Number of protein chains: 2
Amino acid sequence: MKLFMFVTMLSFTEENYLKALLKLTSQNAEKSEAGTNEMAAYLGVKPATATDMLKKLKEKDLVSYQKYGKILLTETGKSHGIAILRKHRLWETFLYEKLDFSWDEVHEVAEQLEHIQSTKLVDKLEEFLNFPEFDPHGDPIPKANGEMPDLPKTLLSEMKEGDYCRVIAVKDTSTPFLQYLEKLKITIGSKISVLEVIDFDGSMNISIEETVPRNVSMKFADSLFVSR
Amino acid sequence: MKLFMFVTMLSFTEENYLKALLKLTSQNAEKSEAGTNEMAAYLGVKPATATDMLKKLKEKDLVSYQKYGKILLTETGKSHGIAILRKHRLWETFLYEKLDFSWDEVHEVAEQLEHIQSTKLVDKLEEFLNFPEFDPHGDPIPKANGEMPDLPKTLLSEMKEGDYCRVIAVKDTSTPFLQYLEKLKITIGSKISVLEVIDFDGSMNISIEETVPRNVSMKFADSLFVSR
DNA sequence: TAGTATAGTTAGGGGTATCTAACAAATTAT
DNA sequence: ATAATTTGTTAGATACCCCTAACTATACTA
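Just so it is clear, the structure is predicted and the values come from calculations on it, not from any experiment.

About the criteria used
Residues numbered from 1 in each chain as written. Chains lettered and ligands numbered in written order. Predicted model: local features only at pLDDT ≥ 70, side-chain atom pairs only at ≥ 80, totals over all residues. Pairing = 2+ DSSP bridges. Helix = DSSP H or I, 4+ residues; strand = E, 2+ residues; numbered from the N terminus. Least-squares fit on C-alpha atoms with pLDDT ≥ 70 in both. Contact = placed C-beta atoms within 7 Å. Axes fitted to C-alpha atoms, helices over the stretch in contact; angles between N-to-C directions. Parallel < 35°, antiparallel > 145°, perpendicular 65-115°, else oblique. Left-handed = near helix turned anticlockwise from the far one by under 90°.

Student: Got a minute to help me understand the sheet that holds strand S3 (residues 154-155) of chain A in this structure?
Tutor: Strands pair in a sheet through their backbones, by hydrogen bonds, and they do so in one of two ways: parallel or antiparallel. Residue and element names in this part refer to chain A. Taking strand neighbours across the sheet as the criterion, the 6 strands line up as S3-S8-S4-S5-S6-S7 in an open arrangement whose pairing is antiparallel. If you trace the sheet from one side to the other, it starts and ends with S3 and strand S7 (214-216), each paired once. Bridge count for strand S6 (residues 204-208) against S7 is 3 bridges, and the pairing is antiparallel. When the sheet's bridge partners are listed, Met 204 is paired in S7 with Val 216.

Quick look at the structure:
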C-alpha cells in the first residue's frame, strides 16, 4: 500500500482523459459524474480502452469510481483538469489575439499546446496576454490557483420575442458550427434581437447587430450562450 | 513492397532522433555521418534502442544506413530535421523576447514546443517575431523553405592577443556554461578584447565590454563563437 | 597480423495505449 | 418479473519505445 502519492507527470493521454472528465462532469449543474461509454465516445476511443485508463487513473487517485459505477474526479484530478483547461484557453487566446488565428482554428492547435509542461510558461503567457478572463469562445480562463471566473450563461433558445442579448460563448465548438457563425458574422459580443419565435419548430427570426432578419433553427439557438 | 511513401506524422521520439542526427551530422564540415553509440549517448538511450529506431527510420526512408555502417540523413530526413530546428529556434526566440525567459531557460521548454504540429502556427509565429534570423543563442533560424542563414563563426580560442570581437553564438549550450556566461554578463553581441593568451594552458585574459580583465580557460574559449 | 577493445546488432522482455471479441452487470420495457 | 437493450468489463493481441544480456563485426594496437 502506497503511503505517499507523488504528483507524477501525467501522459498526454491521461491529461486528455482528465480534461474530458472535467468537461463531462461539469456541463450540467446536476450531473457531476460520467459513464464509461460517454467518455469513450467523447475521446474517440472504444469503451474497453476507457475502462483500462480509468483503472489507471483510479490507481493514481485522480478519479473515484468502482466497477459498473459512475465516474467522478477526485480533488486532485479536478485541479489537474482545471490546470489543463487553463492552458488550453490561454493558448487559444494567444493564437486568436496575437497570431491572427480564426475562431474555429484555435482549438486544434491549443489541443496540442495545452500539454506543454512548464508552470512558468503558462504564467508568463497569461501575463503577456494581460490576464485575460475569457477565451475567444467566451469561456472563462481559470486562474493559476484554480479559481474560475464564472458568468451566468443563458441559451439563445431560452430568449423570448422582443428580447435583446449579447453573445458570450458557444456551447457547441464543432468546426461546422463555428464556420456557420463566421458566415453569419457572429462573434463574442455580437448583439442579437429576437424578433420572432416560431412555435412550430422552435426556430427564431433574429437580427444580428441590427441587420436584416434571419431565421435560425432551434438547434442553432440551443448552441449559443448569451447574456440577457 | 511499398510504392508510395506517405509523409506520415512522425512521433515525438522519431522527431528527436532526426533532430539529433541533424545536429551530429552537421557540426563539423567534414563529418556528415554519425554512429549508433554516439546517437544513443546524445539522446540518453541505450545503443540497442538507437539501432531499433534507426531501422524504423530507414524503413520510412528518413535515414540511410546499413548494418554496421555509418548513419546519414536522406533529403527527406534532413528537411524534417530542419523543420524541427526551425520550430525550436523560433520558440526559443519567442520565449526569450516575449515572455522574458532567460537565456538558459528557453531550451527545455522549446524542446517540447518544437513538436507542435501546425505549419500555420510556425509561420505565424515567425511573422509575429518579425522574421528573426538568429535565435537567442545566436544560431541561425531556418526559413520555411529550409534555407539557413549561415554566418561565419570563429571560436574565441582562435583569436590572438590584441584581437577584438563580438560574441555571436555559443557552441556549448549546457546549463552550466550558459549560467557561467550569465554570471560573466556575456550575451550575444557582447564585445570582447583579447588582452593576453597564456601559452601554458591556452587560457586567455579578456576584457568584456571594456570592463576589468578576467581569465578564462581554454575550454571556455573553445565554447564561444565570435565574429572578428 | 593477431589479439583486444570498441562499436553495433539481435533476442527477448516490459510498460503504455490502443484494439476486437466475448462476456457480465444494470437498466428499461413489455 | 422476465426479456431485451444498454452499459461496462475482461481477455488477448498489437504497435511503440525502451531495457538487459549476449552476440558479432569493425577498428586499434602492439
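Student: Help me understand the relation of the copies chain A and chain B in this model?
Tutor: Both copies of the chain are related by a screw-like operation: a rotation about an axis and a shift along it. Of the two same-sequence chains, chain A is brought onto chain B (RMSD 0.1 Å, axial shift 0.0 Å) by a rotation of 179°. Look at the turn and shift together and you get a two-fold axis relating the two. Among all residues of chain A, the minimum C-alpha distance to the rotation axis is found for Leu 113 of chain A, at 3.8 Å. The fraction of interface residues of chain A whose copies in chain B are also interface residues reaches 100%, indicating that both copies meet through the same surface.

Student: I keep staring at the packing of helix H4 (residues 75-97) of chain A against helix H5 (residues 106-113) of chain A and nothing clicks. Help me out?
Tutor: Axes are the key here: two packed helices are described by the angle between their axes and the distance separating the axes. Residue and element names in this part refer to chain A. Running from N to C, H4 and H5 cross one another at 130°; their axes reach a closest spacing of 9 Å. Between H4 and H5, the interaxial angle falls into the category oblique. Seen along the crossing, H4 lies across H5 with a hand that is right-handed. The segment H4 lies against H5, with His 88, Trp 91, Glu 92, Leu 95 and Tyr 96 engaging Val 106, His 107, Val 109, Ala 110 and Leu 113.

Student: Can you walk me through the sheet that holds strand S8 (residues 224-227) of chain B in this structure?
Tutor: Residues and elements named next belong to chain B. The antiparallel open sheet is built from 6 strands, whose spatial order is S3-S8-S4-S5-S6-S7. One side of each edge strand has no neighbouring strand; the edge strands of this open sheet are strand S3 (154-155) and strand S7 (214-216). Here 5 bridges tie strand S5 (residues 191-197) to strand S6 (residues 204-208), and the two strands are oriented antiparallel to one another. By the bridge assignment, Val 194 is partnered in S6 with Ile 206.

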